[in-house]
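Overview (structure and organization)
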Amino acid sequence: MTALSVATLTLDGGPQEVVVQVSALTGGRGLSAVNPAGFSNFELRDRVYAGITNSGLSWPDRNIIVSFVPLGLYPVHPSTDLTVAAAVLAAAGHLPFTALSDTMFFGEIGLDGAVRPVPDTLALVAAAAEREFHTVVVPAANAPQAMLVPGVRVIGVNSLSELLTWTTTGTDPVPPGPGPDRAVGTDGQAEPDLPPLPAWMQPARFALEVAAAGRHHLGVTAAPQLPVTLIGQYLRSFLPDLDDRQAVEVSALYAAAGHPVDALIRRPPLQASGPQTSMTSMIGGHRPGLASLAHRGILLLHDAPDVAPEVLHALRQPLDRRIVQLARPQGTTTFAADVQLIVTSKPCPCSTPHSTSSGCSAPARRRYRDRLRAISDRLDIAVTIEATAGDAGTGESTATLTARVVAARAAAAARWAPEGFSTNAEVTKDVLRRPSFRIPAPATEPLRRLLDAGQLSVHAYGRVLRLAWTVSDLRGAGRPDRDAVDTAIELYNPRRHTS
């Protein structure tokens with residue numbers, strides 16, 4: 001008979017089913033665990049056996065075989081110990097099978113029967129909730145973090161004995177509760193209100209507003225003396241808070257990266273990097289990298305033409321597929337990485353904070369610009385900011401801009417929800433071509449002229465259409481008109497590849 005068939009989850013949420021087969025014949029007392037590579041997992045077997053017997057519990061007089069489905073895709077997560085132990089205890093009659101029907105178990109078993117904390121608990125519990133498991137049993141030390149996932153009953157246990165007490169009496173161990181859920185930034189502190197945009201940023205105000213409303217990628221060319229990292233902070237300040245699901249996703253990635261997470265991260269994260277960023281720092285390794293820590297938020301790449309070419313090329317995967325996937329000898333690791341990209345660069349390679357003149361030749365400027373070729377076609381908006389003398393705040397407040405962005409996002413979400421999208425930047429070309437969403441031919445005439453003249457690719461044509469929808473949403477209009485398309489062309493700036 002099958003004592004238990006449940007699923008543990010890898011960090012990316014992929015299923016790994018743990019099947020525990022208990023022999024119908026008595027007379028054996030062995031446990032054989034076959035890991036995803038097809039080899040016996042002696043460590044898991046020994047931990048579970050020692051944990052159960054050293055807790056004063058009897059081992060069933062049967063042979064037990066543990067296998068993982070599918071084989072060869074994922075390494076065994078340490079949380080699997082508690083899953084296997086629960087199945088063995090059920091086979092021995094120590095706990096009822098009904099306790100396993102709607103419950104997922106995560107925890108490592110110590111040789112003394114203790115249930116030890118495991119990494120990635122927040123991600124594992126979130127993935128369990130996605131698969132409609134309503135109860136999870138986790139190590140007591142991980143319980144406060146697990147309780148951040150909405151809609152899941154969390155049982156925290158310190159030992160196998162406490163697990164038996166819960167399953168047989170229904171008495172819940174009482175773990176320490178989590179702190180109050182609050183909107184936090186990536187550093188765990190509440191985000192301060194920003195003053196109005198400084199004067200030097202005013203020329204880019206509308207571009208920032210459109211980028212925030214449609215979640216479009218942004219390329220900024222700015223004088224080197226300007227603090228362009230502020231652009232990321234202001235863009236982030238326009239964005240709405242993350243919903244429950246998004247907040248759990250982001251918080252789980254930060255917890256997996258080793259950051260303390262005692263409350264859900266409600267503000268979209270902002271991660272900034274520069275020329276010194278390595279491949280591992282950007283895409284991650286055993287832990288999520290910057291691209292994943294910017295999930296559902298903003299990744300700012302400062303002085304991008306000076307970033308290593310292999311790092312720029314590696315960014316194509318998260319920009320296109322919204323994930324980072326790493327191949328390893330033990331299997332494949334996948335981290336979420338749905339980012340909004342801001343790329344900054346200087347007017348030319350010889351620009352310095354102390355010099356506004358350009359001594360570079362046209363070929364030198366072209367070579368400098370071509371360093372971005374790996375990602376330049378992923379940028380929806382191109383804006384140039386010149387140096388200015390003043391820096392006093394002027395114009396609309398960030399609260400006013402944020403309100404307009406939130407309204408535009410709500411309009412886009414309502415329109416695209418039946419198609420499975422929430423922002424304009426996500427919409428695919430086939431959806432844009434449908435009669436119900438097609439922009440009238442008179443409005444797209446300038447786009448077709450650019451396409452016929454070879455100044456705009458088919459890929460860029462779709463990006464401009466998405467920008468036009470965002471411009472129209474910000475204006476509170478419906479389908480984009482000729483003026484919205486013209487504005488979108490100006491934002492995309494087809495001349496950026498040749499000038």
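My aim in this report is to walk through the structure given alongside it, one point at a time. Just so it is clear, the structure is predicted and the values come from calculations on it, not from any experiment.

Within the protein one finds 19 helices and 16 strands. Counting all 499 residues of the protein, 52% fall into the buried class. Taking the intrachain contacts of the protein between residues at least 6 apart in sequence as the baseline, contacts between residues at least 24 apart amount to 72%.

Attention now goes to the pairing of strand 12 (residues 298-301). Two faces, one strand: in a regular strand the side chains alternate between the faces of the sheet. The side-chain alternation of strand 12 yields two buried faces, one formed by Ile298 and Leu300 and the other by Leu299 and Leu301. With 4 bridges connecting them, strand 11 (residues 270-273) and strand 12 associate as parallel partners. What sits directly across from serine 273, in strand 12, is leucine 301. Bridge analysis of strand 12 against strand 15 (residues 340-345) gives 4 bridges, and the strand direction is parallel. If you follow leucine 300 over to strand 15, its bridge partner there is isoleucine 342.

Think of a sheet as strands paired side by side through backbone hydrogen bonds, with each pair either parallel or antiparallel. Taken together, 3 strands build an open sheet; the order of strands is 5-8-9 and the sheet is parallel. This sheet does not close on itself; its edge strands, each paired only once, are strand 5 (103-105) and strand 9 (153-157). Between one strand and the next, the sheet's axes are offset by a mean angle of 25 degrees, whatever the strand orientation. Where strand 5 meets strand 8 (residues 135-139), 3 bridges bridge the pair, whose relative direction is parallel. By the bridge assignment for strand 8, threonine 103 is matched with threonine 135.

Once that is clear, we can look at helix 6 (residues 205-214). Within an α-helix, residues lying three or four positions from one another point in the same direction, as the helix has 3.6 residues per turn. With 8 of 10 residues buried, helix 6 lies mostly within the body of the structure. Where helix 6 is concerned, the buried positions are Ala207, Leu208, Glu209, Val210, Ala211, Ala212, Ala213 and Gly214. Trailing helix 6 by a residue or two, arginine 215 shows a phi angle of about 60 degrees, which is positive.

What follows covers helix 17 (residues 441-452). When we look at burial in helix 17, the residues that qualify are Ala443, Thr444, Pro446, Leu447 and Leu450. Down the axis of helix 17, the buried side of the element spans an arc of 130 degrees, and every buried residue falls inside it. When the buried face of helix 17 is taken as reference, the exposed residues oriented beyond 90 degrees from it are Pro442 and Asp452. Considering only its buried residues, helix 17 is in contact with helix 18 (458-474) and helix 19 (482-492). Backbone geometry just after helix 17 places glycine 454 at a positive phi near 80 degrees.

Our next topic: the nonpolar core. Formed by 58 residues in total, the largest nonpolar core has its most connected members in Ile231 and Trp416. Top element by residues in this core is helix 18. It accounts for 9 residues. Excluding residues that lie within four positions of it along the chain, isoleucine 231 makes contacts with Trp200, Met201, Leu208, Leu218, Val220, Ile342 and Ile385. Leu57, Leu95, Leu100 and Val157 belong to the second-largest nonpolar core, a separate cluster that totals 34 residues.

On to the packing of aromatic side chains, then. Taken as a whole and judged by the stated rule, the model has 3 aromatic pairs. An angle of 50 degrees between the planes, with centres 4.7 Å apart, marks the rings of tryptophan 416 and phenylalanine 437 as tilted. Of this pair, tryptophan 416 sits in helix 15 (residues 398-416) while phenylalanine 437 sits in the loop between helix 16 (429-432) and helix 17; the two residues are 21 residues apart in sequence, bridging distant segments of the chain. A centroid spacing of 5.6 Å and a plane angle of 75 degrees characterise the contact between tryptophan 416 and tryptophan 469, whose relative ring orientation is edge-to-face. Of this pair, tryptophan 416 sits in helix 15 while tryptophan 469 sits in helix 18; the two residues are 53 residues apart in sequence, bridging distant segments of the chain. The same class applies to tryptophan 416 and to tryptophan 469, which are both buried.

This part is about the pairing of strand 16 (residues 381-385). Judged by which residues are buried, strand 16 turns out to be one-sided: Ile381, Val383 and Ile385 face inward and are buried, whereas Ala382 and Thr384, on the alternate face, are not. Relative to strand 16, strand 10 (residues 218-222) is paired through 5 bridges, and the arrangement is parallel. Along strand 16, the bridge assignment pairs alanine 222 with isoleucine 385.

Another point: the side chain of aspartate 473. Along the polypeptide, aspartate 473 turns up in helix 18. Of the residues examined, aspartate 473 reaches a relative accessible area of 7% and is grouped as buried. Not counting residues up to four positions away in its chain, the partners in contact with aspartate 473 are Ala408, Ala411, Ala412, Arg415 and Asn424.

As a packed pair, helix 6 and helix 7 (residues 229-238) sit with axes 9 Å apart at the nearest point and diverge in direction by 50 degrees. The pairing of helix 6 with helix 7 is recorded here as oblique in orientation. Classified by chirality, the crossing of helix 7 by helix 6 is right-handed. On helix 7, the residues touching Leu208, Ala211 and Ala212 of helix 6 are Ile231, Leu235 and Phe238.

Moving on, we get to the pattern of salt bridges. Counting across every chain of the model gives 24 salt bridges. A salt bridge links arginine 266 to aspartate 244; the shortest N-O distance between them is 2.7 Å. Of this pair, arginine 266 sits in the loop between helix 8 (244-256) and strand 11 while aspartate 244 sits in helix 8, placing them 22 residues apart in sequence. Look at arginine 266 and you get buried, because its relative accessible area is 14%. Between arginine 482 and aspartate 486 there is a salt bridge whose closest N-O contact spans 3.6 Å. One end of the pair is arginine 482 and the other is aspartate 486, both in helix 19 and 4 residues apart, which spans about a single turn. Through salt bridges with shared partners, a single network forms among Glu130, Arg215, Arg245, Glu249, Arg296, Arg322 and Asp338.

Rules of the game
Residues numbered from 1 in each chain as written. Predicted model: local features only at pLDDT ≥ 70, side-chain atom pairs only at ≥ 80, totals over all residues. Heavy atoms only, no water. Helix = DSSP H or I, 4+ residues; strand = E, 2+ residues; numbered from the N terminus. Buried < 20%, exposed > 50% of the residue type's maximum accessible area, 1.4 Å probe, protein only. Contact = heavy atoms within 4.5 Å. Pairing = 2+ DSSP bridges. Axes fitted to C-alpha atoms, helices over the stretch in contact; angles between N-to-C directions. Arc of directions from axis to C-beta. Core = buried A, V, L, I, M, F, W, Y, C linked by side-chain atoms within 4.5 Å. Phe/Tyr/Trp six-rings, centres within 6.5 Å; stacked < 30°, edge-to-face > 60°. Parallel < 35°, antiparallel > 145°, perpendicular 65-115°, else oblique. Left-handed = near helix turned anticlockwise from the far one by under 90°. Salt bridge = Lys/Arg side-chain N within 4 Å of Asp/Glu carboxyl O.

Everything listed here is a matter of geometry and, on its own, says nothing about what the molecule does.
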